[in-house]
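One-letter residues, chain by chain:
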Amino acid sequence: LGFQEYDNGNIERAVKHWIIAAAQGHDDSIKFLLQEFRSGIVNKDDLAAALRAHQAAVDSAKSPQREAAETASKAAEEYLRSQKMIQSNFSWRNFGAE
């Protein structure tokens, strides 16, 4: 919603939506709030409160299971990248050659 409000020129409403999203742990909302802080739209106190709420949301979502899932996800991503590299380097000339 923040992006829609921003695109419609309702910057203050966009900021309110980004503050709510930041409090729920949305990383991109923090980036946009920082951008608007630099532009002078968001004041220091509101940004600080949003950063604290964001950090609290991120911390509350941490668990050993999530960390294990993230580690497994990164390992799978590396494996898929290596497979993609092999496929992109594949040559029919070398197919079946020993």
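Above: the structure in question.
In this text the structure is predicted, and so the values were computed from the model without any measurement. Each chain has its residues counted from 1, running along the sequence as written. Where totals are concerned, whole chains, interfaces and linings use all residues; where local detail is concerned, this predicted model gives features only for residues with pLDDT of at least 70, and gives and counts side-chain atom pairs only at 80 or more. Calculation of side-chain values draws on the structure's entire complement of heavy atoms; hydrogens and water are dropped beforehand.

## Some remarks on the side chain of Glu 36
Okay, so step 1: When you line up the elements, Glu 36 lands in helix α3 (residues 27-38).
Okay, so step 2: Every residue in contact with Glu 36, bar those within four places of it in the chain, is listed here: Tyr 6, Ile 11, Val 15, Trp 18, Ile 41 and Val 42. Counting from the N terminus, the helices are DSSP H or I runs at least four residues long and the strands are E runs at least two residues long. Working rule for contacts: check all heavy atoms of both residues, and any pair within 4.5 Å makes them a contact.

## Focus: the pattern of salt bridges
Between side chains of opposite charge, a pair can form when the charged atoms approach closely.
Okay, so step 1: Each reported salt bridge corresponds to a side-chain nitrogen of Lys or Arg within 4 Å of a carboxyl oxygen of Asp or Glu. Per the stated rule, a full pass over the model turns up 3 salt bridges.
Okay, so step 2: In this structure, Arg 13 and Glu 5 form a salt bridge, with 3.9 Å as the shortest nitrogen-oxygen distance.
Okay, so step 3: Under the scheme applied here, a residue whose accessible area is under 20% of the maximum for its type counts as buried, over 50% as exposed, and between as partly exposed, the area being computed with a 1.4 Å probe on protein chains only. A relative accessible area of 49% means that Arg 13 is categorised as partly exposed.
Okay, so step 4: We note a salt bridge from Asp 59 to Lys 62, for which the minimum N-O separation is 3.7 Å.
Okay, so step 5: Taking the relative accessible area as the measure of exposure, Asp 59 reaches 40% and is therefore partly exposed.

## Points about helix α4 (residues 44-60)
Okay, so step 1: Helix span, expected: 1.5 Å multiplied by one less than the number of residues in the helix. With 17 residues, α4 extends 24 Å from end C-alpha to end C-alpha; this agrees with the ideal 24 Å at 1.5 Å per step.
Okay, so step 2: Buried within α4 are the following residues: Leu 47, Ala 50, His 54 and Ala 57. Buried residues of α4, seen end-on, are gathered within an arc of 90° and therefore sit on one face of the element. Along α4, exposed side chains directed more than 90 degrees from the buried face belong to Lys 44, Asp 45, Arg 52 and Ser 60.
Okay, so step 3: Where α4 is buried, its residues meet α2 (11-23) and α3. Summarising the geometry, the arc corresponds to the directions from the helix axis toward the C-beta atoms.

## Remarks on the nonpolar core
Okay, so step 1: Buried residues of nine kinds, namely Ala, Val, Leu, Ile, Met, Phe, Trp, Tyr and Cys, make up a nonpolar core once their side-chain atoms join them within 4.5 Å. Among the nonpolar cores identified, the biggest contains 9 residues, and these are Ala 14, Val 15, Trp 18, Ala 22, Ile 30, Leu 33, Val 42, Leu 47 and Ala 50.
Okay, so step 2: Taken together, the elements giving at least two residues each to this core come down to α2, α3 and α4.
Okay, so step 3: Ranked by residue count, the leading element in this core is α2, at 4 residues.
Okay, so step 4: Contacts of Ala 22, omitting those with residues within four sequence positions, involve Ser 29, Ile 30, Leu 33, Ala 50, Ala 53 and His 54.

## Some thoughts on the environment of His 26
Okay, so step 1: One can find His 26 in the loop between α2 and α3.
Okay, so step 2: Spatially, the C-alpha atom of His 26 lies 8.9 Å from that of Ala 57, the residues being 31 residues apart in sequence.
Okay, so step 3: The contact partners of His 26, leaving out residues within four places of it in the chain, are Ala 21 and His 54.
Okay, so step 4: In terms of polar contacts, His 26 uses its side chain to reach the side chain of Ser 29, at 2.8 Å. Definition of a polar contact: a pair of N or O atoms within 3.5 Å, with one able to donate and the other able to accept a hydrogen when the atoms are protein atoms, and with sequence-neighbouring residues admitted only if both atoms are side-chain atoms.

## A short note on α3
Okay, so step 1: In a regular helix each residue adds 1.5 Å, so 12 residues correspond to 16 Å; α3 covers 17 Å between its end C-alpha atoms and thus fits that length.
Okay, so step 2: Listed as buried for α3 are Ser 29, Ile 30, Leu 33 and Glu 36. The buried side chains of α3 occupy one side of the element, clustering within an arc of 125° when seen end-on. Facing away from the buried side of α3, by more than 90 degrees, are the exposed residues Lys 31 and Arg 38.
Okay, so step 3: Phi for Gly 40, located one or two positions after α3, is positive at around 90°.

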